[in-house]
Amino acid sequence: MDNQISEQIETYRDELVGLRRDFHKHPELGFEEYRTAKVIESYLQDLGLTTQRMAKTGVVALLEGSRHGPVLMLRADMDALPLNEENEVEYKSQNPGVMHACGHDAH
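Residues numbered from 1 in each chain as written. Predicted model: local features only at pLDDT ≥ 70, side-chain atom pairs only at ≥ 80, totals over all residues. Heavy atoms only, no water.

A. Representation of the overall build of the chain in the model. Looking only at helices and strands, the chain has three helices and two strands in total. In the chain, which comprises 107 residues, the proportion classed as buried is 21%. Residue pairs in contact within the chain that sit at least 24 positions apart in sequence constitute 47% of those at least 6 positions apart. Put simply, the chain shows about 8500 Å² of open surface, and 54% of that area lies on carbon and sulfur atoms. Within the chain, one finds 11 positive and 19 negative side-chain charges whose respective centroids are separated by 3 Å. (Helix = DSSP H or I, 4+ residues; strand = E, 2+ residues; numbered from the N terminus. Buried < 20%, exposed > 50% of the residue type's maximum accessible area, 1.4 Å probe, protein only. Contact = heavy atoms within 4.5 Å. Areas by Shrake-Rupley, 256 points an atom, 1.4 Å probe, with all protein chains shown as cover. Lys, Arg positive; Asp, Glu negative; His and termini not counted. Charge placed at Lys NZ, Arg CZ, Asp CG, Glu CD.)

This is the structure we're talking about:
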């Protein structure tokens, strides 16, 4: 079973790394994440989920199962910090004075 899950995860690796690097290249400060929210919202809608905006740039989607029962909630930060990025990587921030430097968390 674990091998099957690992294989499924691996099929999405390049896509997820690409999304992460895109977000890193285009950081936005809190409540200014208009581009980021648009990318996330489009991605979720392409998966067939209905989305809703909250607090200007927050994106919420609900994935419902076939039965009532416990609920799982995932939350992730998407705001950047007002810092100049000094890293020299292909996904370096293209927005001067703004970068993803806090390691972002998801709950």
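B. Quick look at the pattern of salt bridges. Per the counting criterion, the structure on display carries five salt bridges. With a closest N to O distance of 3.0 Å, Lys-92 and Glu-88 form a salt bridge. Residue classification places Lys-92 among the partly exposed positions, given a relative accessible area of 25%. Looking at Glu-88, the relative accessible area reads 68%, which means it is exposed. (Salt bridge = Lys/Arg side-chain N within 4 Å of Asp/Glu carboxyl O.)

C. Molecular detail of the side chain of His-24. With respect to the element layout, His-24 can be found in helix H2 (residues 13–25). Here His-24 falls in the buried class, since its relative accessible area comes to 8%. His-24 has contacts with Glu-85, Tyr-91, Lys-92, Ser-93 and His-100, leaving out every residue within four places of it along the chain.

D. Up close: the confidence of the model for the chain. Summing up the model confidence of the chain, the mean pLDDT is 91 and the portion of residues at 70 or higher is 95%. Averaged over each element, pLDDT in the chain is lowest for helix H1 (residues 2–11) (89) and highest for helix H3 (residues 34–46) (97). (pLDDT = per-residue confidence, 0-100.)

E. Seen up close, the packing of H2 against H3. Axis separation between H2 and H3 bottoms out at 11 Å; the angle between their running directions is 160°. In terms of orientation, H2 and H3 fall into the roughly antiparallel class. Considering only the axes of H2 and H3, their crossing is right-handed. Here Glu-15, Leu-19, Asp-22 and Phe-23 of H2 come into contact with H3, specifically with Arg-35, Thr-36, Val-39, Ile-40 and Tyr-43. Of the residues assigned to the contact of H2 with H3, the class counts are five nonpolar, one polar and three charged. (Axes fitted to C-alpha atoms, helices over the stretch in contact; angles between N-to-C directions. Parallel < 35°, antiparallel > 145°, perpendicular 65-115°, else oblique. Left-handed = near helix turned anticlockwise from the far one by under 90°. Nonpolar A, V, L, I, M, F, W, Y, C, P; charged D, E, K, R; others polar.)

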